[in-house]
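Spelled out, the chains give:
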Amino acid sequence: MIHKYKLNGFNIVLDVNSGGVHIVDELTYDLLDNVEPPFEDKCPAKVMEKLSKAYAPEDIESCYQEIVELYNDKILFSEDDYEKFAKASVASPIKAMCLNIAHDCQLRCKYCFASTGDFGKGRKLMSFETGKHAIDFLLENSGDRPNLELDFFGGEPLMNFRVVKQVVEYARSREKEYNKKFRFTITTNGLLLDDEKIDFINREMSNVVLSIDGRKEVNDFFRVLPNGAGCYDTILPKYKQLVAGRGDKEYYVRGTFTKKNLDFSNDVFALYDAGFDQISIEPVVGDSDEYALTEKELPAVFKEYEVLAKRILDNEKTGKKFNFFHFMLDLDQGPCAIKRLRGCGCGNDYVAITPDGDIFPCHQFVGIDEYKMGNIDDGTFNYEMKADFSKAHVYSKPECRKCWAKFYCSGGCNANNYQYMGDIRNAHKLSCQLEKKRLECAIMMKAVRIFGEQEQ
């Protein structure tokens, strides 16, 4: 399988199964529309006749032989040898946990998937006792995994800061006993940040996610207090203080774009201009939300991703660089085979815990009773559901099997698939289209960095 497209002056051909990316001329690009394995000794006469209207016959034959050579070298039209690894996609030890330590929030964001923080189940905070049980559950179900990930999430985790500190201290106290190492992350809206919390986060958190929607006018339209006031002027200086103290530890500012701000490249650069160099802007998707993207907005969104990619490249010409999460693509190494097949590990090696101790496949499944996996306080856990999630990979998702992007998105988001398509194995088409466009832009940007700008 190959995928070919034109972008920013490049003719790009992706060999899906090998991961090879080829930058080709017009003849090769056109010829690939007309030939595929099994190849003949010479270019087929019908193809030669068709293309000879635009290209010299000797050039067509030479190009055809080059394509055959690439095929023989297994870097073009390469065979899919990943499906055999799907058989090894079995239930794994749990290595990561999202701790919904607060089902409450001071903001009333207009696009919030979590029902403004309580996931539709009422506002509450996690007790330290439940937090301890969550740590114990992770330790006892992590098998031989030496490194464990724990994300403090909400709602707003800093509304339960005392328990955050207690859970971190408790987890650290048990690392040697289990020969484990915890890596903590926290996501915050920034309102409660102060010197104490910033110092704690920068000391204990390997990563921190800072929620802000780019431009002040955009942020203060969507991310509002109960009285309707915006939060931009409150959180921005706190974020700058926190990032200044991070050193070499990870962070990123995370924004959201909707059908109301389709010029979201301006939000990305507003965050960059504010001093941040690790940036993510995520789309709101769904069926009924007045702000969610639909098929109607996709052409504008695709164009804006291209605008953003070019703006980032132009910025780099001046020696200035920043990372945009969705354009960060490793074409050289890549994840292991199983990771490429099933992605984030939702419901298998990753789970979410609510303040009541309920276990869900991930934070986006929280509140969906059908996908409650158990409860850490009463010791229940649905291992059959865990095994089912372990088998939710690109070869068990019909649309993914035939998609050129399958080894990059790894089957997409299981929660989105369920919420918008009714089945974790039924790919959410709008999300797929967005992901494919981001991948095309990311690959093009790699080409520019290697080969330079192309003549338009």
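### Overview of the pairing of strand β9 (residues 205-211)
With six of seven residues buried, β9 is to be regarded as a mostly interior element. With five bridges joining them, strand β8 (residues 181-188) and β9 adopt parallel strand pairing. Bridge pairing in β9 links I186 to V208. Read as a crossover between parallel neighbours, the route from β8 over helix α8 (residues 195-204) to β9 is right-handed. Relative to strand β10 (residues 252-257), β9 is paired through three bridges, and the arrangement is parallel. Across the sheet, the residue bridging to L210 is V253, located in β10.

### What about the nonpolar core?
Among the nonpolar cores identified, the biggest contains 128 residues, and L99, F152, F324, F327 and F365 are the most heavily contacted of them. When residues in this core are grouped by element, the largest group, 10 residues, is from helix α18 (residues 429-451). If near-sequence neighbours (up to four positions away) are discounted, F324 is found in contact with V268, I279, S280, I281, Y305, L308 and I312. In this structure, F39, L51, I60 and V68 belong to the second largest nonpolar core, which totals 21 residues.

### A few points about a negative patch on the surface
Taken together, the side chains of D25, E66, E69 and D73 define an acidic patch exposed on the protein surface. Within the fold, D25 resides in the loop between β3 (21-23) and α1 (26-31). Given a relative accessible area of 45%, D25 falls into the partly exposed group.

### Observations regarding the packing of aromatic side chains
Scanning the entire structure with this criterion turns up 27 aromatic pairs. Both rings, one in Y111 and one in F222, keep their centres 5.6 Å apart while their planes meet at 45 degrees; by these two values the pair is tilted. Taken together, the positions of Y111 in the loop between β5 (102-103) and β6 (124-125) and F222 in helix α9 (residues 216-222) put the pair 111 residues apart, joining distant regions of the chain. The burial state of Y111 is the same as that of F222; both residues are buried. Judged by centre distance (4.9 Å) and plane angle (70 degrees), the ring pair of F324 and F327 falls under edge-to-face. Put simply, the rings of F257, F264, Y305, F324 and F327 pair up and form one aromatic cluster. Above the plane of the ring of Y29 lies K6, whose end atom (NZ or CZ) is 4.2 Å from the centre. Residue placement shows K110 over the ring face of F221; its charged tip is 3.5 Å from the ring centre.

### Considerations on the side chain of N261
Residue position: N261 is located in the loop between β10 and α11 (265-273). Judged by relative accessible area, which is 3%, N261 ranks as buried. Engagement of the side chain of N261 in a polar contact is seen with the side chain of D267, the distance being 3.0 Å. With residues up to four places along the chain from it excluded, the contact list for N261 reads R215, V218, F222, T256 and D267.

### Details of the sheet that holds β8
Spatially, β12-β11-β10-β9-β8-β7-β4-β13-β14-β15-β16 is the arrangement adopted by the 11 strands of the open sheet, whose pairing is mixed. Looking at strand neighbours, the two that pair on one side only are β12 (323-324) and β16 (380-381), the edges of this open sheet. One ladder, built from two bridges, connects strand β15 (residues 374-375) with β16; its direction is antiparallel. For N375, the partnering residue across the bridge sits in β16 and is T380.

### Examining the packing of helix α6 (residues 161-173) against α8
Two elements in contact, α6 and α8, have axes separated by 12 Å at closest approach and are oriented at 25 degrees. By the criterion of interaxial angle, the relationship of α6 to α8 is roughly parallel. Handedness of the crossing formed by α6 with α8: left-handed. Residues F161, V164, K165, V168 and R172 of α6 form the contact with α8, whose participating residues are E196, K197, F200 and E204. Broken down by class, the residue content of the contact of α6 with α8 amounts to four nonpolar, no polar and five charged.

### Structural notes on the packing of α8 against helix α10 (residues 232-244)
Packing of α8 against α10 leaves a shortest axis separation of 9 Å and a crossing angle of 40 degrees. One finds that α8 runs oblique with respect to α10. Both α8 and α10 take part in a crossing whose hand is right-handed. Taken together, the residues of α10 that come into contact with α8 (itself represented by D195, I198, I201 and N202) are K238, Q241 and L242. Split by residue class, the contact of α8 with α10 holds three nonpolar, two polar and two charged.

### A few points about the sheet that holds strand β2 (residues 10-15)
Sheet architecture is open: three strands sit in the order β1-β2-β3, paired in antiparallel fashion. Of all strands in the sheet, those bounded by a partner on one side alone are β1 (2-7) and β3. Put simply, the sheet's adjacent strands are angled 20 degrees from each other on average, direction ignored. Bridging between β2 and β3 involves three bridges; their strand directions are antiparallel.

Procedures and definitions
- Residues numbered from 1 in each chain as written.
- Predicted model: local features only at pLDDT ≥ 70, side-chain atom pairs only at ≥ 80, totals over all residues.
- Heavy atoms only, no water.
- Buried < 20%, exposed > 50% of the residue type's maximum accessible area, 1.4 Å probe, protein only.
- Helix = DSSP H or I, 4+ residues; strand = E, 2+ residues; numbered from the N terminus.
- Pairing = 2+ DSSP bridges.
- Right-handed = clockwise from strand over helix to strand, strands pointing away.
- Core = buried A, V, L, I, M, F, W, Y, C linked by side-chain atoms within 4.5 Å.
- Contact = heavy atoms within 4.5 Å.
- Patch = residues over 30% accessible without salt bridge, like charges linked within 9 Å, V, L, I, M, F, W, Y side chains within 5 Å.
- Areas by Shrake-Rupley, 256 points an atom, 1.4 Å probe, with all protein chains shown as cover.
- Salt bridge = Lys/Arg side-chain N within 4 Å of Asp/Glu carboxyl O.
- Lys, Arg positive; Asp, Glu negative; His and termini not counted.
- Charge placed at Lys NZ, Arg CZ, Asp CG, Glu CD.
- Phe/Tyr/Trp six-rings, centres within 6.5 Å; stacked < 30°, edge-to-face > 60°.
- Lys NZ or Arg CZ within 6 Å of the ring centre and 35° of its normal.
- Polar contact = N/O pair within 3.5 Å; in protein donor to acceptor, adjacent residues only side chain to side chain.
- Axes fitted to C-alpha atoms, helices over the stretch in contact; angles between N-to-C directions.
- Parallel < 35°, antiparallel > 145°, perpendicular 65-115°, else oblique.
- Left-handed = near helix turned anticlockwise from the far one by under 90°.
- Nonpolar A, V, L, I, M, F, W, Y, C, P; charged D, E, K, R; others polar.

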